[in-house]
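Here's the letter readout for the chains.
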Amino acid sequence: MAAKSKVPPPVDSLTRSQARVEHKRLVLEIEAHNERYYQQDAPTVSDAAYDAMQRRLEAIEARFPDLVTASSPTQTVGAAPARGFAKVQHAVPMLSLGNAFSDAEVAEFVERIRRFLKLGADDIPAIVAEPKIDGLSLSLRYEHGELVRAATRGDGFTGEDVTANVRTIRDVPHTLRGRDIPAACELRGEVYMLKEDFLALNKKQEAAGDTVFANPRNSAAGSLRQKDVAITASRPLKFFAYAWGEMTDRPAETQHDMLKWLRDVGFMVNPLIELCSSVEQVLQFYRRIGEQRATLGYDIDGVVYKVDRLDWQERLGFVSRSPRWAIAHKFAAEQAMTILRGIDIQVGRTGAMTPVARLEPVTVGGVVVQNATLHNEDEITRKDIHVGDTVVVQRAGDVIPQVVSVIIGKRPRNAQPYVFPHKCPVCGSHAVREEGEAVRRCTGTLICPAQAVERLKHFVSRLAFDIDGLGEKQIQEFYDDGLIMHPVDIFTLQKRDARATKKLRDREGYGDVSVRNLFAAIDARRKIELNRLIFALGIRHVGEGNAKLLARHYGGIENFRSAMAEAAGAQTDEGNASEAYADLNNIGGIGEIVANAVVEFFAEPRNVKALNDLLEEIEVLPVAQTRSDSAVAGKTVVFTGSLEKFTRDEAKASAERMGARVSGSVSKKTDLVVAGPGAGSKLKDAEKFGVRVISEDEWLKLIEA
Ligand code: IVH
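Criteria and thresholds
- Residues numbered from 1 in each chain as written.
- Predicted model: local features only at pLDDT ≥ 70, side-chain atom pairs only at ≥ 80, totals over all residues.
- Heavy atoms only, no water.
- Disulfide = S-S within 2.5 Å.
- Buried < 20%, exposed > 50% of the residue type's maximum accessible area, 1.4 Å probe, protein only.
- Helix = DSSP H or I, 4+ residues; strand = E, 2+ residues; numbered from the N terminus.
- Expected span 1.5 Å × (residues − 1).
- Near = heavy atom within 4 Å.
- Polar contact = N/O pair within 3.5 Å; in protein donor to acceptor, adjacent residues only side chain to side chain.
- Areas by Shrake-Rupley, 256 points an atom, 1.4 Å probe, with all protein chains shown as cover.
- Axes fitted to C-alpha atoms, helices over the stretch in contact; angles between N-to-C directions.
- Parallel < 35°, antiparallel > 145°, perpendicular 65-115°, else oblique.
- Left-handed = near helix turned anticlockwise from the far one by under 90°.
- Contact = heavy atoms within 4.5 Å.
- Nonpolar A, V, L, I, M, F, W, Y, C, P; charged D, E, K, R; others polar.
- Pairing = 2+ DSSP bridges.
- Phe/Tyr/Trp six-rings, centres within 6.5 Å; stacked < 30°, edge-to-face > 60°.
- pLDDT = per-residue confidence, 0-100.
- Core = buried A, V, L, I, M, F, W, Y, C linked by side-chain atoms within 4.5 Å.

(A) Region of interest: the state of the cysteines. Tallied over the full model, the rule gives 0 disulfides. Among the cysteines around cysteine 442, which has no disulfide bond, cysteine 427 carries the closest sulfur, lying 3.6 Å off. With a relative accessible area of 5%, cysteine 442 lands in the buried category.

Given below as structure tokens:
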């Protein structure tokens, strides 16, 4: 495929110095990709592109052997273990496999084995053909049949200790079954995730505003390498065994019998594995598996051929980082060219806007592809995508098709660069990107139909309105029937039901009693604490803790609402110069990101309207000041100068505990200025507005009183 604009010169034509320069560049590039793939579970190139880089590096080193160093990626596997998990030394290194991309290379692999073993002309070694599972490899150490340690591959020599995580995987036996179990053995295989489980997990992640994984492999890796084991336990990880490291005894003489033994002792072994006796047979296996690939349920990226006799495996041994007795026959990346007809924006349930490519239908690896993900705004810019372009489409890990690149030479003259919308296509609210975030999000939290159900479920959740008999299931049903579309609808349900011809009590699962109970439960929540209300609004970054901070600071809904209206009115792309914003940003524990999210929420008039409508139906209880009897309760205090008796954060916390509000600037609303040495302009302001100024000691006395 002519997707690349620049074809590198053949390695044979490189001068020594050109080779040295390119070698250095490739090493750095491959190391960076290794880091992204192995440690961050977030690769940025296709496997095919990565393999091409690795092959080119190998070719350069073959021609200029003095460029090879011990740390070259051709001599190492993967990346060094990431921080956070203990290191584990593998008793036998976990090496990688060489690749074959064509039938001829497979035939050459078998030929090499025959030559090495000095077999006769018709003597073809038996070969086990296995699907190459696209997950992450794991080494499991058993002592006297008990699982004692599980480790990731890491750099092949040292991996990460993931024992606690692995113990949560059902396919991994804690105790090996049967007699004659070797005293110590390292059993190896692949952790993976079923495609349907991956899609379901991503849906859940998206709904919760958490990381969405690019493919099942990343999802499996990300799920396994969790510091919180409970998270791993909640993820549907699976495991196929196919290899081993150290073994104090060997229970079988062939690869095929070893796989049978692995099954007998309690492992899942891939059911498609076959014992082959000719090159034709292994190639037939490759084609058959290739055809089944899309329907397998899990991702594979090729097949692996292994010499069956273990004594021959031993004789054949290893060349640098991979065995001579095995090879991976990779599937060609499934790519195709087509035309990009348009770009649509999909809005997720938390407001994330994802660009989707609408394509001229094209068959990629046997499946018709019409849509492909473009990931986010930056990806579109980085790939320089114009509507009308001819693009290369790939089915990544067989699941989500993606646009890989653009063929610039085929660009129509009038094609325009794509401009990512700054408004939500579903509800028209403005959409914002936080600093350092790739995703642009709709701010119509309370009113956007794309977000509505999720927001309503949050609204009634335990730490928010927590209404008995109105959980996620009921919210979904009432939403689907058009009965509850906005938060206020919950509180007008009874009134509307009285007028309705189709009554709630006639719904399936309801009766007079349950409807009465539901209305009573709703009524019981017509009085709600301010912190619960703020949390219920579902503002990004405003969890239970931040909601409390805001509620304590503003004290009552009116105060909060008017301050936010003032801040929202002053919001611009360049910043926010209002006093209300400075005050918000100054609340101890509320950073700029949270402050901006709150202001963006209030900058969308329809959110404000939805809140106002709600406030017509409910009564918001002011948050009790922590010390309403203190001398500073209800006062607005400003700290200035270099404080010597306490830190600024301590000052804020103590003031708020005593029921005071802390502000960052002096105005006529300020009651008290606490000045340390070197106080400047704020002191002048205090004079100007006639505000009382006290020293740090005086402040301490005041709050002790
Ligand atoms: S054998 C010494 N068999 O592929 C070689 N590997 O590119 C031991 N893989 O690190 C590996 N399925 O993560 C082997 N049936 C299979 C495999 C398999 C997937 C992975 C494994 C390995 C990588 C090598």
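(B) Structural detail: helix α20 (residues 592-603). Over its 12 residues, α20 extends 16 Å from the first C-alpha to the last, a length consistent with the 16 Å expected when each residue adds 1.5 Å. Taken residue by residue, α20 has Val594, Ala595, Ala597, Val598, Val599, Glu600, Phe601 and Phe602 as its buried positions.

(C) Up close: the site of the ligand. Inspection of the region around the ligand gives 13 residues, with Glu130, Ile133, Arg153, Glu190 and Lys306 positioned closest. In this structure, proline 131 approaches the ligand through a main-chain N or O atom, which is 3.4 Å from a nitrogen atom. Contact with the protein chains removes 88% of the 530 Å² of surface that the ligand exposes when unbound. When residues of the shell around the ligand are traced back to their parent elements, those giving at least two are β3 (127-133) and β10 (300-307).

(D) Expanded view of the packing of helix α5 (residues 195-207) against helix α6 (residues 216-224). Direction vectors running N to C along α5 and α6 enclose 70°, while the axes themselves pass 9 Å from each other. With respect to α6, the element α5 is oriented roughly perpendicular. Along this stretch, α5 crosses α6, giving a crossing that reads as left-handed. Contacts from Lys195, Phe198 and Leu201 of α5 reach α6 at Pro216, Ser219 and Ser223. Here the contact of α5 with α6 is composed, by residue class, of 3 nonpolar, 2 polar and 1 charged.

(E) A look at the environment of leucine 147. Secondary-structure assignment places leucine 147 in strand β5 (residues 146-152). According to the relative accessible area criterion, leucine 147 is buried, its value standing at 4%. Here the alpha-carbon distance between leucine 147 and threonine 163, two residues 16 residues apart in the chain, equals 8.6 Å. Residues within four places of leucine 147 in sequence aside, it is in contact with Leu140, Arg141, Tyr142, Arg167, Val172, Pro173 and His174.

(F) Focus on the sheet that holds strand β27 (residues 672-675). Strand order in the open sheet formed by 4 strands is β26-β25-β27-β28, with parallel pairing between adjacent strands. Both edges of this open sheet fall to β26 (661-663) and β28 (692-694), since each of them pairs with a single strand only. Strand after strand, the sheet turns through a mean of 30° between neighbouring axes, direction not considered. In the sheet, strand β25 (residues 636-640) pairs with β26 via 3 bridges, with the strands oriented parallel. Counterpart to valine 637 in the pairing with β26 is valine 662. Those strands touched by helix α22 (residues 648-657) are β25 and β26, and its axis lies near 165° from that of β25.

(G) Representation of the pairing of strand β13 (residues 326-330) within the structure. Where burial is concerned, most of β13 is hidden: 5 out of the 5 residues are buried. Residues Ala326, Ala328 and Lys330 line one face of β13 and the alternating positions Ile327 and His329 line the opposite face, and both faces are buried. Relative to β13, strand β2 (residues 98-100) runs parallel, the two being bridged by 3 bridges. Residue pairing for β13: glycine 98 is matched across the bridge by isoleucine 327. Of the pairings in the sheet, the one linking β10 to β13 comprises 5 bridges and is antiparallel in character.

(H) Broad picture of the packing of helix α12 (residues 449-459) against helix α13 (residues 472-480). Between α12 and α13, whose axes approach to 8 Å, the crossing angle comes to 145°. Crossing geometry of α12 relative to α13 is assigned as right-handed. Each of Pro449, Ala452, Val453, Leu456 and Lys457 in α12 lies in contact with α13, whose residues at this interface are Glu472, Ile475, Gln476 and Tyr479. Grouping the constituent residues of the contact of α12 with α13 by class yields 6 nonpolar, 1 polar and 2 charged.

(I) Here's a closer look at the packing of aromatic side chains. Counted by the stated rule, this structure contains 16 aromatic pairs. With a centroid separation of 4.8 Å and 10° between ring planes, the pair formed by tyrosine 192 and phenylalanine 240 is classed as stacked. One end of the pair, tyrosine 192, is in strand β7 (residues 184-192); the other, phenylalanine 240, is in strand β8 (residues 238-247), with 48 residues separating them in the sequence. Neither tyrosine 192 nor phenylalanine 240 differs from the other in exposure class; each is buried. Their ring planes at 85° and their centres at 5.5 Å tell us that phenylalanine 560 and phenylalanine 602 sit as a pair that is edge-to-face. Taken together, the residues phenylalanine 560 in helix α18 (residues 557-569) and phenylalanine 602 in helix α20 connect sequence positions 42 residues apart. Owing to a relative accessible area of 1%, phenylalanine 560 belongs among the buried residues under this scheme. Judged by its relative accessible area of 6%, phenylalanine 602 falls in the buried class. Grouping aromatic residues by their ring pairs yields a cluster made of Tyr554, Phe560, Phe601 and Phe602.

(J) Fine view of the confidence of the model for the chain. Predicted confidence across the chain gives a mean pLDDT of 89, with 95% of residues reaching 70 or more. Low pLDDT, under 50, characterises residues 1-5; the stretch is placed with 9 contacts to residues that sit more than four places away or in other chains.

(K) Looking closely at the nonpolar core. Residues Leu533, Leu584 and Val598 are the most contacted members of the largest nonpolar core, which totals 88 residues. Per-element accounting of this core gives the leading share, 7 residues, to α20. Those residues in contact with leucine 584, other than ones at most four positions away along the chain, are Leu550, Tyr554, Met564, Ile590, Ala595, Val598 and Val599. Ranked by size, the runner-up nonpolar core spans 40 residues in total, among them Leu138, Val166, Leu201 and Phe239.

(L) Looking closely at the environment of lysine 548. With respect to the helices, strands and loops of the structure, lysine 548 is situated in helix α17 (residues 544-554). Its relative accessible area of 32% is what places lysine 548 among the partly exposed residues. The sequence separation of lysine 548 and threonine 15 amounts to 533 residues, and the corresponding C-alpha distance is 67 Å.

(M) Expanded view of the sheet that holds β8. Sheet architecture is open: 4 strands sit in the order β5-β4-β7-β8, paired in antiparallel fashion. Both outer strands of the open sheet, β5 and β8, are each paired with one neighbouring strand and no more. This sheet shows a mean twist of 30° between the axes of neighbouring strands, independent of strand direction. Relative to β7, strand β4 (residues 136-143) is paired through 8 bridges, and the arrangement is antiparallel. Among the inter-strand pairings, glutamate 143 is bridged to a residue of β7, identified as alanine 184.

(N) A look at the side chain of glutamate 186. Along the polypeptide, glutamate 186 turns up in strand β7. Given the relative accessible area of 4%, glutamate 186 is considered buried. Looking at glutamate 186, its side chain comes within polar contact range of the main-chain nitrogen of alanine 91, at 2.9 Å. When residues no more than four places from it in sequence are discounted, the contact partners of glutamate 186 are His90, Ala91, Val92, Ser139, Leu140, Arg141, Trp244, Gly245 and Glu246.

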